[in-house]
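Listed below, chain by chain, are the residues.
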Amino acid sequence: MKPGLIPASCFLAVIGAVSPAAAADLTLSCGAVGAELQLCQAGVKRWEAQTGHSVEVVSTPNSATERLSLYQQILNARSSDIDVFQIDVVWPGMLAPHLIDLHDHLDEGATNGFFDAIVDNNTVDDRLVAMPWFTDAGVLYYRKDLLDKYGLEVPTTWAGLTEAAQTVQAGEREAGRSDFWGYVFQGRAYEGLTVNALEWIASYPDGGTIVDENGDITVNNAQAVEALSLAAGWIDNISPRGVLNYTEEEARGVFQSGNALFMRNWPYAWDLVQSEQSSIRDRVEVAPLPAGGDSGESAGVLGGWNLAVSRYSDNPDMAADLVAFLTSFDEQKRRAIEGAYNPTLPALYQDDEVLAAVPFFGTLYETFTSAVPRPAAVTGDNYPRVSNAFFNTVHEVLSGNAEADQGLERLDGELERIKRRRW
């Protein structure tokens, strides 16, 4: 997601300002700013040309946390202002009561050829509440030219990343680059930090996944303490203190300007760091995220977005048709080639044109198909509280305001209180 948050009140004011005479047939909420929004708008124009209908595309807040709050505000009001919503992979269970069953509006077999796991994720009580649009998993971007310069290999553990970052950072600063850093990631207290920190702890043996599939709280353990303690040591060492306020785009800005060796981000950043405007074009490669020690495993967290139709839409059939078009094979192929957005159709990972545009879609296919889910399904409506408690605790640890063991012990107690409300 991109920077530049839009207050919910302003967003609703923009929608409300559309006069009935000028109103489009449908309103679609997708993207924030930049390439993501432009790709969405381009797809919509193709559908408009094909059908003769019109669509008002409305940009959304950058932060997933703020976007969810906005969506809940609109849907709880039973407003028909938005017909189609772009929803995060962790939201179907929370928003399902407000979304139509797409089975009733799409052709039989509409989900054939999609990743089964994502279709299952979007199916709530046998109702298909969203179609898979693009999927994601966290990956490691690195400067191949700098690793070669210092005779280093791509790190396979977080400790190895820390050492490599220290070595290259010291060398580059000695050469006069005082603003060069070893590692940038998403450290702001928001959903993005939940993702990053879950990748750290889940990569350690028995590090846990905050809450497991049985609903048991697993976050308070020695491996998670080790993971967060290591990450806290990055601040002011290989990562700038400003990383504590970075989202995806702030991290990309530092990396793409040539001022970082490693970056954790989503696949969308590939198209941007490889653009003609990028100062590091053709000097970047992508690898799986490191593991937590020699016996750990890479644990890129599952991301991605889906398209859903509001129960309060005045044109549900038309809205479902737009969803079917935007999630179609041809449209997903276009988005993969033009914007490096991961398709939700396995066949596209074998498409020659897609692989020519984004080579790591082939080499990291297993990363995308075995990504670690956040505990949204098991915690249900309580997931926002779980995530909020987790990322605030992690932020306190990274900021130096709490030790990892103390923070996780307090978090365990807070999650137990949330669990009493039943998840």
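Every value quoted in this text rests on a predicted model; they were computed, and no experiment measured them.

Asks: Tell me what's going on with the state of the cysteines, and back it up with residues and numbers.
Replies: Applying the stated criterion to the full structure yields 1 disulfide. Across the disulfide, cysteine 30 is cross-linked to cysteine 40 (sulfur-sulfur distance 1.9 Å). Between cysteine 30 and cysteine 40 the sulfur-sulfur dihedral comes to about -100°; the bridge is accordingly left-handed. Of this pair, cysteine 30 sits in the loop between β1 (26-29) and α2 (34-51) while cysteine 40 sits in helix α2, placing them 10 residues apart in sequence. For cysteine 40, a relative accessible area of 1% gives the class buried.

Asks: Just give me the short version of the packing of aromatic side chains, but keep the residues and values in it.
Replies: Summed over the entire model, instances satisfying the criterion amount to 22 aromatic pairs. Ring geometry for tryptophan 200 versus tryptophan 234: centroids 5.4 Å apart, planes at 90°, classification edge-to-face. Here the residue tryptophan 200 occupies a position in helix α8 (residues 191-202), and tryptophan 234 occupies one in the loop between α9 (222-232) and α10 (248-256), the gap between them amounting to 34 residues. With respect to burial, tryptophan 200 and tryptophan 234 carry one shared label: buried. On the basis of an interplanar angle of 85° and a centroid distance of 6.0 Å, the ring pair of phenylalanine 361 and phenylalanine 368 is categorised as edge-to-face. The class for phenylalanine 361 is buried, based on a relative accessible area of 0%. The buried category is assigned to phenylalanine 368, whose relative accessible area is 6%. Taken together, Phe115, Trp270, Tyr349, Phe360, Phe361, Tyr365 and Phe368 form an aromatic cluster joined through their ring pairs. Over the ring of tyrosine 341 we find arginine 335, and its NZ or CZ is 4.9 Å from the ring centre.

The rules behind each value
- Residues numbered from 1 in each chain as written.
- Predicted model: local features only at pLDDT ≥ 70, side-chain atom pairs only at ≥ 80, totals over all residues.
- Heavy atoms only, no water.
- Disulfide = S-S within 2.5 Å.
- Helix = DSSP H or I, 4+ residues; strand = E, 2+ residues; numbered from the N terminus.
- Buried < 20%, exposed > 50% of the residue type's maximum accessible area, 1.4 Å probe, protein only.
- Phe/Tyr/Trp six-rings, centres within 6.5 Å; stacked < 30°, edge-to-face > 60°.
- Lys NZ or Arg CZ within 6 Å of the ring centre and 35° of its normal.

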